[in-house]
Amino acid sequence: MPPSASAVDFFQLFVPDNVLKNMVVQTNMYARKFQERFGSDGAWVEVTLAEMKAFLGYVISTSVSHCESVLSIWSGGFYSNRSLALVMSQARFEKILKYFHVVAFRSSQTTHGLYKVQPFLDSLQSSFDAAFRPSQTQVLHEPLIDEDPVFIATCTERELRKRKKRKFSLWVRQCSSTGFIIQIYVHLKEGGGPDGLDALKNKPQLHGMVARSLCRNAAGKNYIIFTGPSITSLTLFEEFEKQGIYCCGLLSSRKSDCTGLPPSMLTNPATPLARGQYQIRTKGNMSLICWYNKGHFRFLTNAYSPVQQGVIIKRRSGEIPCPLAVEAFAAHLSYICRYDDKYSRYFISHKPNKTWQQVFWFAISIAVNNAYILYKMSDAYHVKRYSRAQFGERLVRELLGLEDASPAH
C-alpha cells in the first residue's frame, strides 16, 4: 500500500466496492419483494453505493463511541454527532436498516442457517488470505466479542434482560505475532441438540471439527498452532502432523479428549514436584509434558523438542525453568490476551436481533481491526500515526464522504 493510502483504502482490501455493490442490489431487491408482499412503502427510494458506504460508516461509528444505539448520532444526547448526522437523515438510515440484506433470498439448495451472510464471509476469507501472509506461530481461540464492560456496568437491568443470548459462537485462527485474524469459523446454536452451543463446552469432537475447519488452508506450510484444552487431543495433533501442521496445546483431564495418552501422566504424582520441575513422556515426535508451578500443567506438543530448555520470568519469583514448549505457549497466549484487551473494545456495539446480522457486524469489526493491523505495518503509518480509535474515526468520516476532516486527538 502506498504511503498516501487512507483508512478506507485498507478497509476496502477486505470489503471492496464490488461487495458493497452487491449489498446495494440485494437490499433493493429485498425491499421490492417485501413491498410486493406487505404493501408499498411510499418513503422508500432505492439505495445507492454512496448511501451504502455511509450506512456502514454509521454502524461502524458505534465501535469508536461505544454507544449501544446507532440512532443516538441524531439525538441531542451525549453520543450525538452533528457533523455525521448531516450526511443522512435518521429516517433514511432507518429505512436502509429495515431492508438491509447481503443475500435477499434463499436458493433451493441452501440448508445452511447462515445463508444470508455466507457469501460475504467467503469473500472476506479470500481477501484475508490474499492480503496477508501470517507468521509461523498461530493460535486457535474464541475472541472476546461481548459488549464493552463499561457499557454493561452502566446498563439498566431491564436493558440487560431485553438482550437476547447469542445463538452462535465465533472461533478464529489468529497470527500470534501481529494479531491479524486469518480465518473465522461461526458455529450456529441450532436448538439444544447434541451439536448446539450448550454442548460445545464439553464436546471435544465438536472442537476438533472447529479446529479442522479453521486449519483447512494451513496444510503443508509448517505452521505451529497453539490450542486451548478443549481442542488439544492426541488424535487431532497426529492428524495435523500428517498435513504438515505442528501443534502445542494445554491439556486438561476435564476438558480435553485424553484418548491414547498414558493415564500415569494425567494424575498428579504422590510426592509433588519442586517448582519448575517436569516429567516427559514421548512417542515419536509427540511429547507429553507435566510441569509444576504452584500446580501441575500438562502440555502436548510435536512442535518443540522436550529437551530444549526455556524459562518463564515472573516479576516476584524471578526465572522459573521449564521446557521450551511451555515458554512458547505462555508467550503466545499472553500476546492474544493483549490483543483481546486492545481490539475487543472496538467491536461494533450495534446489536441487531437477527443472528445473520450479528454475525455480519462481528465480521465487519474483525475486518476493521485487520485493516488497522495492516495499516500499522505499512508506510502509511509512518506518514500519519493514527491510534486504533483515530483510525476508526477516520474510516467513518471517509465512508461518509467527510474525508477532509482531521481525526480527534
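Computed from a predicted structure; not experimentally measured.

## Brief notes about the layout of surface pockets
Phase 1: Taken as a whole, the second largest pocket encloses approximately 490 Å³ of empty space.
Phase 2: Taken together, 21 residues make up the lining of the second largest pocket; nearest its centre are H141, E142, G228, P229 and S230.
Phase 3: Only β1 (137-141), β4 (224-227) and α13 (324-343) provide two or more residues apiece to the lining of the second largest pocket.
Phase 4: Its residues placed into classes, the lining of the second largest pocket shows twelve nonpolar, five polar and four charged.

## Some details on unusual backbone geometry
Phase 1: With a phi angle near 55°, N222 is a residue other than glycine that sits in the positive phi range.
Phase 2: In this structure, K294 is a non-glycine residue whose phi angle is positive, near 60°.
Phase 3: Within the secondary structure, K294 sits in the loop between β7 (286-292) and β8 (296-301).
Phase 4: Of the residues examined, K294 reaches a relative accessible area of 68% and is grouped as exposed.

## A closer look at the nonpolar core
Phase 1: If you look at the biggest cluster of nonpolar residues, it comprises 81 residues, and the most contacted ones within it are V15, F120, F360 and I364.
Phase 2: The element contributing the most residues to this core is helix α14 (residues 355-377), with 15 residues.
Phase 3: The contact partners of I364, leaving out residues within four places of it in the chain, are F11, V15, I60, F120 and I348.
Phase 4: Among the nonpolar cores identified, the runner-up in size contains 26 residues, and W171, L214, F237 and L300 belong to it.

## Digging into helix α3 (residues 49-65)
Phase 1: Between its first and last C-alpha, α3 extends 25 Å over 17 residues, near the 24 Å set by a 1.5 Å rise per residue.
Phase 2: In terms of burial, α3 is largely enclosed, as 13 of its 17 residues are buried.
Phase 3: H66 sits one or two residues past α3 and shows a positive phi near 60°.

## Let's talk about the packing of α13 against α14
Phase 1: The N-to-C vectors of α13 and α14 enclose an angle of 110°; their axes lie 12 Å apart at closest approach. Our classification of the angle between α13 and α14 gives roughly perpendicular. The segment α13 lies against α14, with Y339, K342 and Y343 engaging N369, Y372, I373 and K376.
Phase 2: Classifying every residue of the contact of α13 with α14 gives four nonpolar, one polar and two charged.

## Regarding empty space enclosed by the protein
Phase 1: Summed over the entire model, instances satisfying the criterion amount to two cavities of 30 Å³ or more.
Phase 2: Put simply, the second largest cavity is a space of about 40 Å³.
Phase 3: For the second largest cavity, the full set of lining residues is I348, H350, K351, P352, Q358, W361 and F362.
Phase 4: Looking at the lining of the second largest cavity residue by residue, the classes come out as four nonpolar, two polar and one charged.

## Quick notes on the environment of L399
Phase 1: Considering the arrangement of structural elements, one finds L399 in helix α16 (residues 388-399).
Phase 2: The buried category is assigned to L399, whose relative accessible area is 4%.
Phase 3: Sequence separation of L399 and L56 is 343 residues, and the distance between their C-alpha atoms is 7.5 Å.
Phase 4: Ignoring anything within four residues of it in the chain, the contact list for L399 reads V8, F11, K53, A54, L56, G57 and I60.

## Re the environment of Q90
Phase 1: Summarising the element assignment, Q90 is placed in helix α5 (residues 90-99).
Phase 2: By relative accessible area, Q90 is classed as partly exposed at 29%.
Phase 3: Note: C-alpha distance between Q90 and S75 (15 residues apart in sequence) is 9.3 Å.
Phase 4: Not counting residues within four places of it along the chain, the set of residues in contact with Q90 comprises L71 and W74.

## Brief notes about the pairing of β7
Phase 1: Within β7, seven of the seven residues are buried, which leaves the element mostly enclosed by the surrounding structure.
Phase 2: Bridge count between strand β6 (residues 278-283) and β7: six bridges; the pairing is antiparallel. Counted as the bridge partner of T282 is S287 from β7.
Phase 3: The antiparallel pairing of β6 with β7 creates a hairpin that spans two residues between the two strands, and G284 there sits at a positive phi of about 65°.
Phase 4: Relative to β8, β7 is paired through six bridges, and the arrangement is antiparallel. Pairing of L288 across the sheet is with L300, part of β8.
Phase 5: Connecting the antiparallel pair β7 and β8 is a turn made up of three residues, with K294 showing a positive phi of about 60°.

What counts and what doesn't
Residues numbered from 1 in each chain as written. Predicted model: local features only at pLDDT ≥ 70, side-chain atom pairs only at ≥ 80, totals over all residues. Heavy atoms only, no water. 1 Å grid on protein atoms, 1.4 Å probe; cavity = no way out; pocket = protein on both sides within 12 Å on 5 of 7 lines; lining within 4 Å. Points joined across faces, edges and corners; volume = space filled by probe spheres on them. Helix = DSSP H or I, 4+ residues; strand = E, 2+ residues; numbered from the N terminus. Nonpolar A, V, L, I, M, F, W, Y, C, P; charged D, E, K, R; others polar. Buried < 20%, exposed > 50% of the residue type's maximum accessible area, 1.4 Å probe, protein only. Core = buried A, V, L, I, M, F, W, Y, C linked by side-chain atoms within 4.5 Å. Contact = heavy atoms within 4.5 Å. Expected span 1.5 Å × (residues − 1). Axes fitted to C-alpha atoms, helices over the stretch in contact; angles between N-to-C directions. Parallel < 35°, antiparallel > 145°, perpendicular 65-115°, else oblique. Pairing = 2+ DSSP bridges.

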